[in-house]
Structures are given as structure tokens and as C-alpha cells.
Amino acid sequence: MSRSAEIVMDAVRAADHDRYLTALYATADKRDALFSLYAFNAEIAGIRDRIHEALPGEVRLQWWRDVIAAGGEAGAGHPVAEALNATIATFGLPEPAFENMLDARIFDLYDDPMPSRTDLEGYCGETAAALIQLAAMVLDPVEAPRFADLAGRAGCAQAMTGLLLLLPLHRRRGQCFVPADILAAAGSSPQEFVAGDGGPGAKRAVAAMMALAREHLSAFERGAPALPVSLRPAFLPLALSRAYLGKMENGSPLEGVARLSALRRHWLLLRRASKGWPAL
């Protein structure tokens, strides 16, 4: 492994350890490409953590658009940018998917509330679901198109679970990823939800959000037994989603839920990587 490839891999291991673990189940010739995708995702998902103002954040997103549009040697000196462009070129990945991911991440930079369930599902589709589908295209470009709809369900389930895990952080920032229509049905509002203890409707809204994540997860699990072995690494993060949701049901997402232990994560991933998902 080159020094540049090691830097990209280490970036994923530090910023997104769950996806780092799943990439290790891919064949050796595909791992660097997966790491480049996951490192890119970590870079753009973490912009608000590193750049605390929206406008400079949008400038950074535009830099990534320019790098991807230019291709080739664009982004020289930036290991993740170099690796990503090499992956896009080698595997013929569609540039519009990356453009949509970047456009979706603009939402992260501001405190505007998520308007509706439909908007949330669109956001998840352009971020987590797109990442799963791109990984699938790297792993098996012949089989990947057959499972695009399943990637959509998987991405919604994974992203919504992740947003629930990040609820305390987002509320401290004044961000609200729980859709306004779900909050209204629970007798709350985005403004009330991010203030203080979230108000009397907060727990009902979180329960509804968890139910929505489970709805997508169940839809994914119904189709998952058909996944070929070649595509399993792209979908492996879903092996953790049900366990995370289970911890939330026994805890309080509003206050924060402890992550799964390293041993538990390794066991869940190994089981799904070796046996796949059972028929429901």
C-alpha cells in the first residue's frame, strides 16, 4: 500500500470507523476504492465540524465540485481528492451522484429545519444511499444496478439511525433533522424541539423518527437475502443499524445513546459478511 493510500485509509478509520470495518470485508483489490469513497464522504459530512460558518463551508463544497469536474490530476497534493478521482475514473462512477451528494450537504451547514418526511428521505437518498450504491458499483458493476432500490432503503435506514445517534449534537447546534411534519403530528415544532428539553412532544417525535428508520430497515431486510456475496460489503453498515435502534429503544436518544462496543460491532459485521441476511 502506498503512503497516499495509507493516509486515505487512516482518515476513514479515524472519522468513520464503522465503514472502515466494513471495507475490510471487500476483496483486497477493491478496498482502496471503497476507502476513497468513504474518506470523501467523511470529508464533506464533517465540514460543519471543521468550518463553523456556512459560507466558508459552501466554498469547501464548491472546491470538491471543481475537483471532481476537472478529474485527472485535479486536487493534486490532497490524498483523498487524488484517490477519489482515480476511483471515479477506474470504475466509471457517475459524477452527478457526487454533485448531488455535495448539494445535499449544503443543508448541514445551516440551521434550517428539515421540512418533511419526503425531504428527509431525499436527503438520505442523496447521501447515505448514494454512497452505498457507489460502493456497490465498485464491488460488482454488473450486479449493482439490480439493487439500486434496495440501496435506497438501506441508505434511509442507515442515515436516519445515524441522525438519531447525533440528536444531542444537532440540538446543541440548533439543527433539526426531525421533519417538521413529524414534529407537528407529535405536537411539537422545530423551534421547540431544539430548545431546552425539547418540550412535551419531543419523545413522541423521536419515537416516530425511530419507527420511520425501522420501516426502511425492514424493507431493506426483506430484500437483503437476494444480495450476492460480491455486494455484501457495500451494505454491511446495515448490520449495525438494528442493534443501534435497539439500544435507542432502551435508552434516550435525546440525551445520547452509547455506541455499540467494538466486540459487538465486529461480531455483527462478521455474521452478516459470512452468512448474509436471513429470509424473513
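Residues numbered from 1 in each chain as written. Predicted model: local features only at pLDDT ≥ 70, side-chain atom pairs only at ≥ 80, totals over all residues. Heavy atoms only, no water.

Trainee: Describe the overall build of the chain, listing the residues and the values that go with them.
Mentor: When you go through the chain residue by residue, the secondary structure sums to 16 helices and 0 strands. When its C-alpha atoms are laid out on the principal axes, the chain stretches across 55 × 45 × 30 Å. Across the 280 residues that make up the chain, the buried fraction comes to 53%. Taking as baseline every contact in the chain between residues at least 6 positions apart, the subset at least 24 positions apart corresponds to 71%. (Helix = DSSP H or I, 4+ residues; strand = E, 2+ residues; numbered from the N terminus. Buried < 20%, exposed > 50% of the residue type's maximum accessible area, 1.4 Å probe, protein only. Contact = heavy atoms within 4.5 Å.)

Trainee: Go over the nonpolar core, please, and point to the residues and values.
Mentor: L37, F40, F98, F220 and F235 are the most contacted members of the largest nonpolar core, which has 95 residues in total. Ranked by the residues each element gives to this core, the list is headed by helix α8 (residues 117-139), at 12 residues. Excluding anything up to four places from it in sequence, F235 contacts I132, F147, L150, A151, A154, F220, L227 and W277. (Core = buried A, V, L, I, M, F, W, Y, C linked by side-chain atoms within 4.5 Å.)

Trainee: Which residues make up the packing of aromatic side chains, and what values go with them?
Mentor: Think of a pair of aromatic rings as described by two things: how far the centres are apart, and how the planes are tilted against each other in angle. Scanning all chains against the criterion turns up 9 aromatic pairs. Plain terms: the ring middles of F220 and F235 are 5.8 Å apart, the flat faces sit at 10° to each other, and that makes the pair stacked. One end of the pair, F220, is in helix α13 (residues 202-223); the other, F235, is in helix α14 (residues 232-235), with 15 residues separating them in the sequence. Judged by relative accessible area, F220 falls into the buried class, the value being 0%. (Phe/Tyr/Trp six-rings, centres within 6.5 Å; stacked < 30°, edge-to-face > 60°.)

Trainee: Residue-level account of empty space enclosed by the protein, with values.
Mentor: Throughout the structure, instances matching the rule amount to 2 cavities of 30 Å³ or more. Estimates place the volume of the largest cavity at around 40 Å³. Grouping the constituent residues of the lining of the largest cavity by class yields 6 nonpolar, 2 polar and no charged. Its boundaries defined by the atoms lining it, the second largest cavity holds a volume of some 30 Å³. (1 Å grid on protein atoms, 1.4 Å probe; cavity = no way out; pocket = protein on both sides within 12 Å on 5 of 7 lines; lining within 4 Å. Points joined across faces, edges and corners; volume = space filled by probe spheres on them. Nonpolar A, V, L, I, M, F, W, Y, C, P; charged D, E, K, R; others polar.)

Trainee: Quick rundown of a nonpolar patch on the surface? Include the residues and the values.
Mentor: On the surface, L24, Y25, W267 and L270 cluster together into a nonpolar patch covering about 360 Å² of accessible area. Within the secondary structure, L270 sits in helix α16 (residues 262-275). With relative accessibility at 43%, the residue L270 sits in the partly exposed group. (Patch = residues over 30% accessible without salt bridge, like charges linked within 9 Å, V, L, I, M, F, W, Y side chains within 5 Å. Areas by Shrake-Rupley, 256 points an atom, 1.4 Å probe, with all protein chains shown as cover. Salt bridge = Lys/Arg side-chain N within 4 Å of Asp/Glu carboxyl O.)

Trainee: Mind laying out α16, listing which residues take part and the relevant values?
Mentor: Taking 1.5 Å per residue, 14 residues should reach 20 Å; α16 reaches 20 Å between its end C-alpha atoms and fits that length. For α16, every residue scored as buried is listed here: R265, L268, L269, R272 and A273. Considered in projection along α16, the buried side chains sweep an arc of 125° and stay on one side of the axis. Facing away from the buried side of α16 by more than 90 degrees, the exposed set consists of L263 and K275. Against the buried residues of α16 lie α2 (17-23), α14 and α15 (238-249). (Expected span 1.5 Å × (residues − 1). Arc of directions from axis to C-beta.)

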